[in-house]
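# Chains, contacts and geometry: an overview
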Amino acid sequence: MVLAGKGGLTMANCQAPLTGLTPINDLGIGTYLGFGGGFYPGGLNRPPLPHYGAGRNIADALAAELFAGNPFAFAAIGFSGTARTWTQFEPLWNAHPHTSKAIKLLNLTRGGIGADALAAPTHWYWTTHVPAELAAQQAAPGDVRVVWVQTGLDSTAAFPANAQALQAYLVTALQTIKAQFPNCRIAYLTSAHYQGFSTPNPGREPRLNYEQAWGIKWTIEQQIAGDAALAFHGAGTVAPWLGWSGYGWADGDTPRFDGHFMSCPADFAPDGQHPSVAGAIKLASVLFNDLLDDWVAKAWMLDGPATGDPCI
């Protein structure tokens, strides 16, 4: 049932049934339609040790840049939901006593920008929007060392073709990001939050959000497998090092293992699709806590050395 608020404003369809599906990070060695879960190979939510080690080497080099007095930028790339999350992420970063304030946070998001647009270097997002935002935020392309990319693809295909289409666009998008920001070394990726309560775009779950997490997973696994299309070091470098961060999908108000959930209507805007301020704060907290829990991120984002060993 779709409700109308004051002035005929469309309200979230909070009566829409949940999917009953398990988030990809909770799925572990379980499967969805025959495809394994977990952020990384083997149903794990931590990267394989060689991939972690390569990322940590890059992060240590970034930390050395900061120590030498060479600040850089951490940029958000994605659509309108990404923008709302990033708006709430910045205060978390600024309030934390140990995040490096020499790192400039850049908001390069734009509503409606999916992986297909990010993959096209001639798209107005790259030719007009990004240059304008960099100028407004007093930054240059060469300043960007780390990006957070939350994206998707408006595909009508069924799974796994929809996730595979996202993967194909995302590979090219990451090459485009590296070309646009030649000093970018690390990219954290994620898919979007639960949107099954949407009134303007019903039927988004599981096709456009839940299932597209596998497109992110397969892209990162493609790099881990050594595909030259995503090479991140050496003479053939064409992409940043890849990892997960900020995965906010939960089956509505059904809590994940980490306690994250999004309830309707409180955590959603009136359209039932975008997060409300409260929902964006939850999603920003997921992103921030993921970074704080990531031994690659710790090395570049925190003041002082990131000592200790990761649990992989």
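Since the model is a prediction, treat every value here as computed from it, not as a measurement.

### Considering the packing of aromatic side chains
- Applying the stated criterion across every chain, the model contains 28 aromatic pairs.
- Among the aromatic residues, ring-to-ring pairing joins Tyr 32, Phe 35, Phe 159, Tyr 194, Phe 197, Tyr 210, Trp 214, Trp 218, Trp 249 and Phe 268 into one connected group.
- Over the face of the ring belonging to Phe 261 we find Lys 282, whose NZ or CZ atom lies 3.7 Å from the ring centre.
- One Lys or Arg, Lys 298, reaches over the ring of Trp 295 and ends 4.9 Å from the middle of that ring.

### Digging into the packing of helix H6 (residues 161–180) against helix H7 (residues 213–224)
- The geometry of H6 relative to H7 is characterised by a closest axis approach of 8 Å and an angle of 50° between their N-to-C directions. Looking at the two axes, H6 sits oblique to H7. As for how H6 packs across H7, the hand of that crossing is right-handed. On H7, the residues touching Ala 163, Gln 164, Leu 166, Gln 167, Leu 170, Val 171 and Leu 174 of H6 are Trp 214, Gly 215, Ile 216, Trp 218, Thr 219 and Gln 222.
- For the contact of H6 with H7, the class distribution of residues is eight nonpolar, five polar and no charged.

### Side note on the state of the cysteines
- This structure, assessed with the given rule, holds one disulfide.
- The disulfide that involves Cys 14 links it to Cys 264, with 2.0 Å between the sulfurs. Because the torsion about its S-S bond is -70°, the bridge between Cys 14 and Cys 264 counts as left-handed. One end of the pair, Cys 14, is in the segment before helix H1 (24–27); the other, Cys 264, is in the loop between strand S7 (241–244) and helix H8 (277–292), with 250 residues separating them in the sequence.
- In this structure Cys 14 comes out as partly exposed when scored by relative accessible area, which is 25%.

### Points about the nonpolar core
- Of all hydrophobic cores here, the largest spans 56 residues; its most connected members are Ile 77, Phe 181 and Trp 214.
- If you tally residues by element for this core, the top one is H6, at seven residues.
- Those residues within four positions of Ile 77 in sequence are excluded, and the remaining contacts are Thr 82, Leu 108, Thr 109, Leu 118, Tyr 125, Trp 126, Val 147, Trp 148, Val 149, Gln 150, Ile 177 and Phe 181.
- Ranked by size, the runner-up nonpolar core spans 30 residues in total, among them Leu 62, Ala 284, Val 296 and Trp 300.

### Structural notes on the packing of helix H3 (residues 80–95) against H8
- Where H3 contacts H8, the axes come no closer than 8 Å and their chain directions differ by 55°. In terms of orientation, H3 lies oblique with respect to H8. Handedness of the crossing formed by H3 with H8: right-handed. Here H3 contributes Arg 84, Thr 85, Trp 86, Gln 88, Phe 89, Leu 92 and Trp 93 to the contact with H8, which in turn contributes Val 277, Ala 280, Ile 281, Leu 283, Ala 284, Ser 285, Leu 287, Phe 288 and Leu 291.
- When grouped by side-chain class, the residues that make up the contact of H3 with H8 number twelve nonpolar, three polar and one charged.

### A word on the pairing of strand S6 (residues 186–190)
- With five of five residues buried, S6 lies mostly within the body of the structure.
- Burial of the side chains of S6 extends over both faces: Ile 186, Tyr 188 and Thr 190 are buried on one face and Ala 187 and Leu 189 on the other.
- Where S6 meets S7, four bridges bridge the pair, whose relative direction is parallel. Bridge assignment links Tyr 188 to a residue of S7, and that residue is Gly 243.
- With H7 bridging S6 and its parallel neighbour S7, the resulting β-α-β unit is right-handed.

The rules behind each value
Residues numbered from 1 in each chain as written. Predicted model: local features only at pLDDT ≥ 70, side-chain atom pairs only at ≥ 80, totals over all residues. Heavy atoms only, no water. Phe/Tyr/Trp six-rings, centres within 6.5 Å; stacked < 30°, edge-to-face > 60°. Lys NZ or Arg CZ within 6 Å of the ring centre and 35° of its normal. Axes fitted to C-alpha atoms, helices over the stretch in contact; angles between N-to-C directions. Helix = DSSP H or I, 4+ residues; strand = E, 2+ residues; numbered from the N terminus. Parallel < 35°, antiparallel > 145°, perpendicular 65-115°, else oblique. Left-handed = near helix turned anticlockwise from the far one by under 90°. Contact = heavy atoms within 4.5 Å. Nonpolar A, V, L, I, M, F, W, Y, C, P; charged D, E, K, R; others polar. Disulfide = S-S within 2.5 Å. Buried < 20%, exposed > 50% of the residue type's maximum accessible area, 1.4 Å probe, protein only. Core = buried A, V, L, I, M, F, W, Y, C linked by side-chain atoms within 4.5 Å. Pairing = 2+ DSSP bridges. Right-handed = clockwise from strand over helix to strand, strands pointing away.

What is shown is where atoms sit, not what they do.
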